[in-house]
Amino acid sequence: MWKPAGMDTREGVKASKLRRHTPAYLAPWRVSPCVFRSSKSELKPNLASDGLACAPLQMFTEEEAMLKDMVTKFAQERVAPFVQKMDENAKMEDSIIQGLFEQGLMSIELGEEYGGTGASFFSIILAVEELAKVDPAVALVCELQNTLTNKLFTTYGTEEQKRTYLPRVSKDTLGSFCLSEAGSGSDAFSLKTRAEKKGDYYIINGSKMWISLAEDAGVFFVMANTDPSLGYRGITCFIVDRNTEGLHVGKKEDKLGIRASSTCPVTFDNVKVPETNILGQVGQGYKYAIGMLNTGRIGIAAQMLGLAQGCFDRTVPYTKERVQFGKSVFDFQGMQHQIAQVATQLEAARLLTYNAARLAETGRPAIKEASMAKYFTAEVPASPSLQGFIPLLVATLTTSKCIEWMGGVGFTKNYPIEKYYRDCKIGTIYEGTSNIQLSTIAKFLAQEY
């Protein structure tokens, strides 16, 4: 059973009553937004007693509901006060990473024997969504640790590797996945990093680019080719500790969005790795990468969904308070139609994401559904009355419209709406571009027909 750490909110409630009266939803960065309806949980019905054939996708087990509520509270109280500062400085607060570990959010699916909480895969998706409503960069840290780092160890690690690393990654150690290179982006398996066998160890040479969380990571999963003559079938995954001689993390990128999470080049100069640090089997790295990214795409869909919902939740109430021409902006029919269209896209994205997560959780094939969820949150076509926007992200559509609905204040850095807009663009790029998702979907459709 999930056991969230308690946080007393009575003092916060009293303090809120003492603040001078300002429009509730025109709160600057330093004030945590209210908990909106989209953050509230409903328990899954008892299927046997309620006579239902199956539970609605948006109803949760008691454990999932508890986790969701806890993450909502953590995001509002521990993350929200630092969001603007972290974005400006392009640096994650150490207290937030520490808090994620303390709350068990970095080891959601891991067994208790490794220091994890033993919760469900779906719980990871809920946590990522809730964190992304406040800061997508923080959500990314949680998402990558759970869907890549932990999953790689539990799925392919030896018992010794699990005993060595899982207690660390559940307590205080970030992992980082090193796949992309300067010449291998979407064509990831054309990578040039080489691992040459020397007795009972390997020597790795090469360089990686766009490596998430590299600045703070303590352990790296490095994809390197042990036999270039075999092409991608020579790709092998190595576990490399940060303090290994010859491993160098370069200057982090100055990014458009998700600035608080680091993205850095990583180089390997005669890095000596023992044979026992091979993850899984030699030459199977490409399969592991595909498998992890297929699951990770559900996590990125949840991140984009949470981002869009968080922006929407902070904007719509303002349209009901803002008065123009003698009535609230929300009361204009044209505005109501735009808001209704965006809300419908959000709901569709949520159902796609939750469905893919439930499928993956039960061990059923979900590759096509994962790609559909990520694609839809990344490239859903604009509705007929919004054709001037051309195809847009659910997240981009939402954040773009929210800036317009907020007017001038939405365009300033005094409020977080423009940050959501900057953060969402990465959703069409990492863990498989939108075109890669379409190719994956088409491949499965060809098999089905």
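What you are looking at is a predicted structure, and each value in this text was computed from that prediction instead of being measured.

(A) Broad picture of the state of the cysteines. According to the stated counting rule, one finds zero disulfides in the structure shown. In this model C402 remains outside any disulfide bridge; the closest cysteine sulfur is found in C311, 3.8 Å from its own. Given a relative accessible area of 0%, C402 falls into the buried group.

(B) Region of interest: unusual backbone geometry. Non-glycine residue L213 carries a positive phi angle of around 65 degrees. Position of L213 relative to the elements: it lies in the loop between β3 (201-212) and β4 (219-225). Here the phi dihedral of F325 falls at roughly 55 degrees; this positive angle occurs in a residue that is not glycine. Within the secondary structure layout, F325 lies in the loop between β9 (323-324) and β10 (327-328). Residue classification places F325 among the exposed residues on the basis of a relative accessible area of 79%.

(C) Seen up close, the nonpolar core. Residues L100, L131 and F153 are the most contacted members of the largest nonpolar core, which totals 97 residues. Among the elements that take part in this core, helix α9 (residues 285-321) stands out by supplying 16 residues, more than any other. Those residues in contact with F153 that sit more than four places away from it in its chain are K162, Y165, L166, V169, V219, F221, I239 and L279. Of all hydrophobic cores here, the second largest spans 19 residues; its members include I204, I211, A224 and F268.

(D) Inspection of the layout of surface pockets at higher detail. Approximately 1100 Å³ is the volume found for the largest pocket. Residue lining of the largest pocket: 37 residues in total, with L179, S180, L293, E431 and G432 positioned closest to the centre.

(E) Looking closely at the pairing of strand β7 (residues 263-274). The pairing of β3 with β7 spans nine bridges and is antiparallel. The partner of G206 across the bridge, within β7, is F268. The pairing of strand β6 (residues 247-249) with β7 spans three bridges and is antiparallel. Its bridge partner being in β7, V249 is matched across the sheet by V266.

(F) View of the side chain of N277. For N277, the position within the fold is in the loop between β7 and β8 (278-279). Residues within four places of N277 in sequence aside, it is in contact with Q161, Y165, C237, F238 and I239.

(G) Inspection of the packing of helix α7 (residues 136-156) against helix α8 (residues 159-171) at higher detail. The geometry of α7 relative to α8 is characterised by a closest axis approach of 9 Å and an angle of 160 degrees between their N-to-C directions. As far as their axial angle goes, α8 and α7 are roughly antiparallel. For the crossing formed where α7 meets α8, the hand is left-handed. Of α8, the residues touching α7 (which contributes Q145, T149, N150, F153, T154 and Y156) are Q161, K162, Y165, L166 and V169. Taken together, the residues that form the contact of α7 with α8 break down as five nonpolar, five polar and one charged.

(H) Local environment of the packing of aromatic side chains. Going through the model one piece at a time under the given rule, you end up with 11 aromatic pairs. Summarising the aromatic geometry, the rings of F153 and F221 are spaced 4.9 Å apart at their centres and angled 55 degrees between planes, so their arrangement reads as tilted. Taken as a pair, F153 in helix α7 and F221 in strand β4 lie far apart in primary sequence, 68 residues in all. One exposure class covers both F153 and F221, and it is buried. Directly above the ring of F330 sits K320, whose terminal nitrogen or CZ lies 5.6 Å from the centroid.

Conventions used here
- Residues numbered from 1 in each chain as written.
- Predicted model: local features only at pLDDT ≥ 70, side-chain atom pairs only at ≥ 80, totals over all residues.
- Heavy atoms only, no water.
- Disulfide = S-S within 2.5 Å.
- Buried < 20%, exposed > 50% of the residue type's maximum accessible area, 1.4 Å probe, protein only.
- Helix = DSSP H or I, 4+ residues; strand = E, 2+ residues; numbered from the N terminus.
- Core = buried A, V, L, I, M, F, W, Y, C linked by side-chain atoms within 4.5 Å.
- Contact = heavy atoms within 4.5 Å.
- 1 Å grid on protein atoms, 1.4 Å probe; cavity = no way out; pocket = protein on both sides within 12 Å on 5 of 7 lines; lining within 4 Å.
- Points joined across faces, edges and corners; volume = space filled by probe spheres on them.
- Pairing = 2+ DSSP bridges.
- Axes fitted to C-alpha atoms, helices over the stretch in contact; angles between N-to-C directions.
- Parallel < 35°, antiparallel > 145°, perpendicular 65-115°, else oblique.
- Left-handed = near helix turned anticlockwise from the far one by under 90°.
- Nonpolar A, V, L, I, M, F, W, Y, C, P; charged D, E, K, R; others polar.
- Phe/Tyr/Trp six-rings, centres within 6.5 Å; stacked < 30°, edge-to-face > 60°.
- Lys NZ or Arg CZ within 6 Å of the ring centre and 35° of its normal.

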